[in-house]
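Survey of secondary and tertiary structure
Single-letter residue listing:
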Amino acid sequence: MKLSALRAAELASPKQQRNWDWRAAANFICGGAGGGLLFCAAFAGLGPVAMRAAVLLGLALIGCGLTCVWFEIGRPWRALNVYRHIASSWMTREAIVALFVFAAGGLALLTAHVLLIVLAGILGLGFLYSQARILAANKGIPAWRHPRSIPLMVATGLAEGAGFLACVLSLSPDGVGVPLLAGLIVLIGIRTFFWKAYFGALQADGAPDGTLKALGAMAPRLLLVGHALPAVAAIAALAGMPGRAGLAFAAGTLTVGGGWLLKYTLVRRAAYTQGLAVQRIPVRGQGAAGPAAKPGWKVVSGGKAG
């Protein structure tokens, strides 16, 4: 009886999802950063050379992410079916927005017209938002469906976009201006806020043990690599310390790296299924039913994110 009860609890416990592998994670990693980069570049007042470099990199990142998820499909040409469900699927909306992103971005590269650049940036933000909604629409994964995952995904995409833009400008004759460095610092702060809000809410509301362990193990690295170090580097560059271009490049690289660590962990390592819950544990014969049980779940009262 004891062994069968343990076996039942094991079967009912949440399991790490295996349907979306590293290629699906790459779509969120690259695509979100590309959309954020297009949006940041649209309002950064860049010169023609830097603008074209930023737009080209943004389109390349989005294309890389979509290519990875395309190769994940067992029969790749079935991917065209994604366009059939615009009324109900955020994947369909992402795919449709992507077409307009590439069209507007391509025209922006050819003409460098400010309106086309702004249009590409707004569409890039739409692509980023669609990706965030794709993740939240997966109701079977508690770490994804939590409503606070949406602002977190948008915030990290914008921070990564500003980080990539800082890298591009640090290598260009234009250099990294004060507004971009200040914006990067603000976006790092915003991402930090939404990360803490997300992880704290997940702990308070309850989540699979595996999810909390994976996110908790990542939290110190994200705090150091993705938040503290790039903020310090950006502040040092903003203060005019020697090696400003190098500091800006380091701040951008670390911001991107922190965001990619966050998204890979969220999509792959922390993605545990719902599992099963029992409202009352039945008993044989007479007696009161046992308490409710939810194997493999944990609630951390007043938990704090790192």
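Quick caveat, the model's predicted, so the values are computed rather than measured.

**So, the overall build of the chain**
Helix and strand content of the chain: 10 helices and two strands. The secondary structure elements of the chain, listed N-terminal to C-terminal, are α-α-α-α-α-α-α-α-β-α-α-β. Expressed as a percentage of the 306 residues in the chain, the buried residues total 46%. Considering only residue pairs separated by 6 or more positions, the chain has 77% of its internal contacts joining residues 24 or more positions apart. Surface summary for the chain: the accessible area is close to 14,700 Å², and the carbon and sulfur share equals 69%.

**Details of the packing of aromatic side chains**
Where two aromatic rings form a pair, the distance of their centres and the angle of their planes describe that pair. Counted by the stated rule, this structure contains eight aromatic pairs. Members of the aromatic cluster, connected to one another through ring pairs, are Trp-20, Phe-28 and Trp-144. Geometry around Trp-90 places Arg-93 over its ring, the cationic atom sitting 4.6 Å from the centre.

**Some points on the environment of Ala-159**
As for its placement among the helices and strands, Ala-159 is situated in helix α7 (residues 149-170). Setting aside residues no more than four positions away along its own chain, Ala-159 makes contact with Leu-184, Leu-187, Arg-191 and Thr-255.

**A closer look at the packing of helix α2 (residues 22-42) against α7**
Direction vectors running N to C along α2 and α7 enclose 65°, while the axes themselves pass 7 Å from each other. It follows that α2 is roughly perpendicular to α7 by the angle criterion. Taken as a pair, α2 and α7 cross one another with a handedness that is right-handed. For the pair α2 and α7, the contacting residues are Phe-28, Ile-29, Gly-32, Ala-33, Gly-36, Leu-37, Phe-39, Cys-40 and Ala-41 in the first and Met-153, Gly-157, Leu-158, Glu-160, Gly-161, Ala-162, Phe-164 and Leu-165 in the second.

**With respect to a nonpolar patch on the surface**
Among the surface-exposed residues, Tyr-83, Leu-99 and Phe-100 lie close enough to one another that they form a single nonpolar patch of about 320 Å² accessible area. Tracing the backbone shows Tyr-83 in the loop between α3 (48-72) and α4 (90-111). We classify Tyr-83 as partly exposed; its relative accessible area is 35%.

**Some remarks on the environment of Gly-124**
Residue position: Gly-124 is located in helix α5 (residues 114-136). Sequence separation of Gly-124 and Val-101 is 23 residues, and the distance between their C-alpha atoms is 6.3 Å. Setting aside chain neighbours within four positions, we find Gly-124 in contact with Gly-35, Leu-38 and Val-101.

**Topic: unusual backbone geometry**
Here the phi dihedral of Ala-112 falls at roughly 55°; this positive angle occurs in a residue that is not glycine. Position of Ala-112 among the secondary structure elements: in the loop between α4 and α5.

**A closer look at the pattern of salt bridges**
Counted by the stated rule, this structure contains two salt bridges. The partner of Asp-21 in a salt bridge is Arg-23, and the shortest N-O contact between them spans 2.5 Å. Overall, Asp-21 belongs to the buried group, its relative accessible area being 17%. Glu-160 serves as the salt-bridge partner of Lys-263, at 2.8 Å between the closest nitrogen and oxygen. In this pair, Lys-263 sits in helix α10 (residues 244-269) while Glu-160 sits in helix α7, placing the two residues 103 residues apart along the sequence. Owing to a relative accessible area of 2%, Lys-263 belongs among the buried residues under this scheme.

**Thoughts on the packing of helix α8 (residues 178-205) against α10**
Interaxial distance between α8 and α10 falls to 12 Å at its minimum, and their mutual angle equals 25°. Judged by the angle between their axes, α8 and α10 are roughly parallel. In this structure, α8 crosses over α10, and the sense of that crossing is left-handed. Judged by residue contacts, Val-178, Leu-181, Leu-184, Ile-188, Arg-191, Trp-195 and Tyr-198 of α8 engage Arg-244, Ala-248, Ala-251, Gly-252, Thr-255, Gly-258, Gly-259, Leu-262 and Leu-266 from α10. Tallied by class, the residues present in the contact of α8 with α10 amount to 10 nonpolar, four polar and two charged.

**Quick look at the environment of Leu-202**
Assignment of secondary structure puts Leu-202 in helix α8. Residues Leu-202 and Pro-142 lie 60 residues apart in sequence; the distance between their C-alpha atoms is 8.5 Å. If near-sequence neighbours (up to four positions away) are discounted, Leu-202 is found in contact with Pro-142, Ala-143, His-146, Ala-207, Thr-211, Leu-212 and Leu-215.

**Describing the side chain of Asn-27**
Position of Asn-27 among the secondary structure elements: in helix α2. Judged by its relative accessible area of 5%, Asn-27 falls in the buried class. Ignoring sequence-local partners within four residues, the contact set of Asn-27 consists of Gly-32, Gly-65, Leu-66, Val-69, Glu-94 and Gln-131.

The rules behind these values
- The numbers attached to residues start from 1 for each chain and follow its sequence in the written order.
- In keeping with the predicted nature of the model, local features appear solely for residues at pLDDT of at least 70, side-chain atom pairs appear and are counted solely at 80 or more, and the whole-chain, interface and lining totals rest on all residues.
- Excluding hydrogens and water, the side-chain values take into account all heavy atoms of the structure.
- Secondary structure elements follow DSSP: runs of H or I no shorter than four residues count as helices, runs of E no shorter than two count as strands, and numbering proceeds from the N terminus.
- Relative accessibility thresholds used throughout: buried, under 20% of the residue-type maximum; exposed, over 50%; partly exposed, between the two (1.4 Å probe, protein chains only).
- Here, two residues are considered to be in contact whenever any of their heavy atoms come within 4.5 Å of each other.
- Accessible surface area values rest on a Shrake-Rupley calculation with a 1.4 Å probe, where residue burial reflects the displayed protein chains alone.
- For this analysis, a ring pair means two rings from Phe, Tyr or Trp (six-membered ring only for Trp) whose centres lie within 6.5 Å, classed as stacked if their planes differ by under 30 degrees, edge-to-face if by over 60, and tilted for the remaining angles.
- Criterion for a charge above a ring: Lys NZ or Arg CZ within 6 Å of the ring centre, and within 35 degrees of the ring normal.
- For helices, the fitted axis covers only the stretch in contact; all axes are lines through C-alpha atoms, and the angles between them, taken along N-to-C directions, range from 0 to 180 degrees.
- Here roughly perpendicular refers to angles of 65 to 115 degrees, roughly parallel to angles under 35, roughly antiparallel to angles over 145, and oblique to all remaining angles.
- Handedness of a crossing follows from how the near helix is turned relative to the far one, being left-handed for an anticlockwise turn of less than a right angle and right-handed for a clockwise one.
- What goes into a patch is any residue over 30% in relative accessible area without a salt bridge, connected to like charges within 9 Å or, for nonpolar side chains (Val, Leu, Ile, Met, Phe, Trp, Tyr), within 5 Å.
- Criterion for a salt bridge: a side-chain nitrogen of Lys or Arg within 4 Å of a carboxyl oxygen of Asp or Glu.
- Lys, Arg, Asp and Glu make up the charged group, whereas Ala, Val, Leu, Ile, Met, Phe, Trp, Tyr, Cys and Pro make up the nonpolar group; the residues left over, Gly among them, are polar.

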